[in-house]
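Residues per chain, in single letters:
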Amino acid sequence: MNIQKQEFTKLASKNKLLKKLALIVLAVLIGGFIYFKSNPNDKVADKTVKNSANSVSSPKASLTVTTVKPQRTTLNKTLSANGNIAAWQESSISSEVSGLLLSEVLANLGDHVKRGQALARFASSTIEADVAQMQANVAEANAVLLEAEGNANRARSIQDSGALSQQQIQQYLTAEASAKARLNAAQATLRAQSIKLKQTIVIAPDDGVVSLAPATVGTVYTSGQELFRLIRKGRIEWRADLTSADISQIKTGMKTQITLPDGNNIQGIVRSVSPIVDAKTRNSIVFVDIPAGSAKTGMFARGNIVLGETQSLTLPNDAIVMRDGFAYVMQVEKDTTNTLSSKITQTKVHLGQRTGTRVELLDFRTPDLEFVESGGAFLADGDSVKVVGKAAK
């Protein structure tokens, strides 16, 4: 019995201890709740959250910029084209005699020659021998004619006396006519051989520059075989290739600026416009005179034909941002949610010609807008910026 009472007493004391611990924990929890509920630091936290929300809705300006407005600039309205440099006219100088050996070449590629200047010589010994023979034939025919004329004159003087028959008189007269014909034939053959002898010297048909010289000493040439090619007067031209839609804008006398492959620029004048359009390419050719010696024939060149002057809106080159192959400008507008900053609107533009440090804006009709002068590549659509000044025009 005593043992049971002792165990019961121990169990009752444990239960009392557990109840006390539970009451202590409950009191701590209730006190902590009341403390945090009434703590003023919670209001500060709420304000911090609100301020964070406000900062998200009204971002601070991330970059300071200078703005610029489009400016009206006088530009030359031009039409771009591509084309080849070619000779104004070329003369092909060929051999006029056949079967003769070329003995001397007197002109080289690139030489400036004058009209009538000797360019080459053929071996002329055989032609000279033929000329000497023809001269002898002419002399012989002339002697025969003198004898025939004498006989014919005597026959005429005694034809009424009856000393000679009519048949004999007619024979003398016929011999005279035949001698004249043989003399004329011999003289014609002599002239032909003299022309051949003259043709053994190849001469320039006009002033110009030798652009091709395949003539080789020691070669036997046939008639018509090319020996030289000559750029007449040394004149060259740019043959601009234009579409049928653009060709109607071109007039004779328009100025042209041509850029050569080495980067040098030369000036030209439109001489004429082709009267036809190629049926395959639908393009036409504009012939532009350029200074002699300023370029080489066969060069490919780009150029601009000046159509006239125009007033266009331009911006500095630094205000243009190139992205993904397109041109953009960063327009600056007031931010309605934050008066201390401005908002960026990325605007796509089409560019025209460049003049100095400025570039033309095509299809742009609003001159009062403001754009970021430089540094636009670091900005994106919707960014906030702070405007610190306006660029001088």
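See the structure shown above.
Residues numbered from 1 in each chain as written. Predicted model: local features only at pLDDT ≥ 70, side-chain atom pairs only at ≥ 80, totals over all residues. Heavy atoms only, no water.

Trainee: So, the overall build of the chain: which residues are in play, and what are the values?
Mentor: Secondary structure summary: the chain contains four helices and 21 strands in total. A burial count over the chain gives 29% of its 393 residues as buried. Looking at the chain alone, contacts between residues at least 24 apart form 74% of all its contacts between residues at least 6 apart. Accessible surface, the chain: about 24900 Å² in total, of which carbon and sulfur atoms supply 54%. (Helix = DSSP H or I, 4+ residues; strand = E, 2+ residues; numbered from the N terminus. Buried < 20%, exposed > 50% of the residue type's maximum accessible area, 1.4 Å probe, protein only. Contact = heavy atoms within 4.5 Å. Areas by Shrake-Rupley, 256 points an atom, 1.4 Å probe, with all protein chains shown as cover.)

Trainee: I'd love a proper account of helix α3 (residues 125-158), names of residues and values included.
Mentor: Under the 1.5 Å per step criterion, the end-to-end length of α3 is 51 Å for 34 residues, consistent within 8% with the ideal 50 Å. All of the buried residues in α3 are Ile127, Val131, Met134, Val138, Ala141, Leu145, Ala148, Ala152 and Ala155. Buried residues in α3 make contact with β4 (100-105) and α4 (166-199). (Expected span 1.5 Å × (residues − 1).)

Trainee: Explain the packing of aromatic side chains residue by residue, including any values.
Mentor: A ring pair, where both rings are aromatic, is described by two values, the distance of the centres and the angle of the planes. Enumeration according to the criterion identifies one aromatic pair in this entry. Measuring from ring centre to ring centre gives 6.2 Å for Phe122 and Tyr221, while their planes differ by 85°; the resulting arrangement is edge-to-face. Here Phe122 is found in strand β6 (residues 118-122), whereas its partner Tyr221 is found in strand β9 (residues 220-221), with 99 residues between them in sequence. Of the two residues examined, Phe122 and Tyr221, each falls in the buried class. Stacked on the ring of Trp88, the Lys or Arg Arg235 has its end atom at 3.9 Å from the ring centre. A cation over a ring is seen here: Lys348 above Phe326, with NZ or CZ 3.7 Å from the ring centre. (Phe/Tyr/Trp six-rings, centres within 6.5 Å; stacked < 30°, edge-to-face > 60°. Lys NZ or Arg CZ within 6 Å of the ring centre and 35° of its normal.)

Trainee: How would you explain the sheet that holds β6 if you had to name every residue and give the values?
Mentor: Reading across from one edge, β7-β6-β4-β9 is the order of the four strands in this open sheet, with antiparallel pairing throughout. In this open sheet, the two strands that pair with only one neighbour each are β7 (201-203) and β9. Across three bridges, β6 lies against β7 in antiparallel orientation. Looking at β7, one finds that Arg121 is bridged to Ile201. (Pairing = 2+ DSSP bridges.)

Trainee: Could you give an account of the side chain of Ser95, naming the residues involved and the relevant values?
Mentor: In this fold, Ser95 is placed in the loop between β3 (90-94) and β4. Sequence-distant contacts of Ser95, that is, excluding residues within four places in its chain, are made with Phe122, Tyr221, Thr222, Ser223, Gly224, Gln225 and Leu227.

Trainee: Got a sec to walk through the pattern of salt bridges? Specific residues and values, please.
Mentor: Applying the stated criterion across every chain yields a total of nine salt bridges. Here Glu226 makes a salt bridge to Arg229, at a shortest N to O gap of 3.1 Å. A relative accessible area of 22% means that Glu226 is categorised as partly exposed. Assessed through its relative accessible area of 29%, Arg229 is described here as partly exposed. In this structure, Arg235 and Asp289 form a salt bridge, with 3.7 Å as the shortest nitrogen-oxygen distance. Taken as a pair, Arg235 in the loop between β10 (226-232) and β11 (236-243) and Asp289 in strand β14 (residues 283-290) lie far apart in primary sequence, 54 residues in all. (Salt bridge = Lys/Arg side-chain N within 4 Å of Asp/Glu carboxyl O.)

Trainee: I'd love a proper account of unusual backbone geometry, names of residues and values included.
Mentor: A positive phi is found at Arg282, a non-glycine position, where the angle reads about 60°. Summarising the element assignment, Arg282 is placed in the loop between β13 (265-273) and β14. Its identity as a non-glycine residue notwithstanding, Asp324 has a phi of 55°, on the positive side. Its place among the elements puts Asp324 in the loop between β16 (321-323) and β17 (326-334).

Trainee: How would you explain the packing of α3 against α4 if you had to name every residue and give the values?
Mentor: Two numbers describe how α3 lies on α4: the axes approach to 8 Å, and their chain directions differ by 160°. The orientation of α3 with respect to α4, classified from their angle, is roughly antiparallel. Considering the relative orientation of α3 and α4, their crossing is left-handed. A per-class count over the contact of α3 with α4 returns 19 nonpolar, eight polar and eight charged. (Axes fitted to C-alpha atoms, helices over the stretch in contact; angles between N-to-C directions. Parallel < 35°, antiparallel > 145°, perpendicular 65-115°, else oblique. Left-handed = near helix turned anticlockwise from the far one by under 90°. Nonpolar A, V, L, I, M, F, W, Y, C, P; charged D, E, K, R; others polar.)

Trainee: Account for the nonpolar core, with residues named and values stated.
Mentor: Leu119, Phe122, Val202, Leu227 and Phe228 are the most contacted members of the largest nonpolar core, which has 28 residues in total. Contributing elements (two or more residues each) for this core: β4, β6, α3, α4 and β10. Per-element tally for this core: the top contributor is α3, with seven residues. (Core = buried A, V, L, I, M, F, W, Y, C linked by side-chain atoms within 4.5 Å.)

Trainee: Account for the side chain of Glu370, naming residues and giving values.
Mentor: By secondary structure assignment, the location of Glu370 is in the loop between β19 (358-362) and β20 (371-372). Residue classification places Glu370 among the buried residues on the basis of a relative accessible area of 18%. At a separation of 3.5 Å, a polar atom in the side chain of Glu370 contacts the side chain of Thr67. (Polar contact = N/O pair within 3.5 Å; in protein donor to acceptor, adjacent residues only side chain to side chain.)

Trainee: Which residues make up α4, and what are the values?
Mentor: With 34 residues, α4 ought to run about 50 Å at 1.5 Å a step, and its terminal C-alpha atoms sit 50 Å apart, in line with that. If you check which residues of α4 are buried, you get Ile169, Glu176, Ala179, Leu183, Ala186, Leu190, Gln193 and Gln199. Of the surrounding elements, those touching the buried residues of α4 are β6, α3 and β7.

Trainee: Summarise the pairing of β11; cite the residues concerned and give the values.
Mentor: Bridge count for strand β2 (residues 71-87) against β11 is six bridges, and the pairing is antiparallel. Bridge pairing in β11 places Asn84 opposite Arg239. Here β11 runs beside β14; their pairing, made up of eight bridges, is antiparallel. Of the residues in β14, the one forming a bridge with Trp238 is Val288.

This is a description of form; function is not addressed.
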